[in-house]
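Topology and contacts: notes
The primary structure of each chain is shown beneath.
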Amino acid sequence: MMNSQTFLYGAAQTAMVILLAGMVLVLWRLVKGPTAADRVVAMDLLSLLVVTFLVSLSIHTKETSYLDVAIAYACIAFLGTIALARFIERARGRKPDGPDPGHPLTPPSSKKKHP
């Protein structure tokens, strides 16, 4: 019969293999993504997969220092995603908090044109 330590070791090993396969697919989307927004989402997902890989590695090796690295990496990745999203929004030529004139739900301008 399998004890809990053997099961946890095998589950962590399986999780790491699946996470590595997911990272390869996300890297393909990061390179191939047709728009910049697709690339930002792929980068965010890749950082999430790296964090979960580090947690699985911590379980697999029984080393808690990987958890500290995972927490620090998650904070930095979150800030990087926010910075890239703001950069893309500014590159489109509009303010981050302003209305999008091309969006269908933006109300029309209240200014009347005088002939």
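Our subject is the structure listed above.
This is a predicted model, so every value here is computed, not measured.

Cut-offs used in this document
- Residues numbered from 1 in each chain as written.
- Predicted model: local features only at pLDDT ≥ 70, side-chain atom pairs only at ≥ 80, totals over all residues.
- Heavy atoms only, no water.
- Helix = DSSP H or I, 4+ residues; strand = E, 2+ residues; numbered from the N terminus.
- Buried < 20%, exposed > 50% of the residue type's maximum accessible area, 1.4 Å probe, protein only.
- Contact = heavy atoms within 4.5 Å.
- Areas by Shrake-Rupley, 256 points an atom, 1.4 Å probe, with all protein chains shown as cover.
- Axes fitted to C-alpha atoms, helices over the stretch in contact; angles between N-to-C directions.
- Parallel < 35°, antiparallel > 145°, perpendicular 65-115°, else oblique.
- Left-handed = near helix turned anticlockwise from the far one by under 90°.
- Nonpolar A, V, L, I, M, F, W, Y, C, P; charged D, E, K, R; others polar.
- Core = buried A, V, L, I, M, F, W, Y, C linked by side-chain atoms within 4.5 Å.
- Expected span 1.5 Å × (residues − 1).

Time to look at the overall build of the chain. Secondary structure summary: the chain contains three helices and zero strands in total. Beginning at the N terminus, the succession of helices and strands in the chain can be written as α-α-α. A buried classification covers 20% of the 115 residues belonging to the chain. Within the chain, counting contacts between residues at least 6 apart in sequence, those at least 24 apart form 48% of the total. Of the roughly 9000 Å² that the chain leaves accessible, carbon and sulfur atoms contribute 69%.

What follows is about the side chain of threonine 81. Tracing the sequence through the fold places threonine 81 in helix H3 (residues 65-91). Ignoring anything within four residues of it in the chain, the contact list for threonine 81 reads Val40, Met43 and Asp44.

So, on to the environment of serine 58. Its location among the elements puts serine 58 in helix H2 (residues 36-61). As for serine 58 and alanine 70, which are separated by 12 residues in sequence, their C-alpha atoms are 9.5 Å apart. Once residues lying within four places of it in the same chain are set aside, the contact partners of serine 58 are Glu63, Thr64, Tyr66 and Leu67.

A few words now on unusual backbone geometry. The phi dihedral of lysine 62 falls on the positive side, at around 60°, and the residue is not glycine. Take lysine 62: it is sitting in the loop between H2 and H3. For lysine 62, a relative accessible area of 64% corresponds to the exposed category.

Another aspect to go through is the packing of helix H1 (residues 4-32) against H2. At a minimum axis separation of 9 Å, H1 and H2 run at an interaxial angle of 165°. As summarised for this structure, H1 and H2 are arranged roughly antiparallel, according to the angle between their axes. Crossing of H1 over H2 shows left-handed handedness. Looking at the contact of H1 with H2 residue by residue, the classes come out as 21 nonpolar, five polar and three charged.

Core analysis: the biggest nonpolar cluster contains nine residues, these being Met16, Leu19, Met23, Val26, Ala42, Leu46, Leu49, Phe53 and Leu57. For this core, the elements supplying multiple residues, two or more each, are H1 and H2. The contact partners of leucine 19, leaving out residues within four places of it in the chain, are Leu49, Thr52, Phe53 and Ser56.

On to the packing of H2 against H3, then. Where H2 contacts H3, the axes come no closer than 9 Å and their chain directions differ by 175°. Taken together, the axes of H2 and H3 lie roughly antiparallel to each other. Counted by class, the contact of H2 with H3 contains 18 nonpolar, five polar and one charged residues.

Here we take up H1. For H1, which comprises 29 residues, the first-to-last C-alpha distance of 42 Å matches the rise-based estimate of 42 Å (1.5 Å per residue) to within 8%. Of the residues making up H1, those classed as buried are Ala12, Met16, Leu19, Gly22, Met23 and Val26. Elements in contact with the buried residues of H1: H2.

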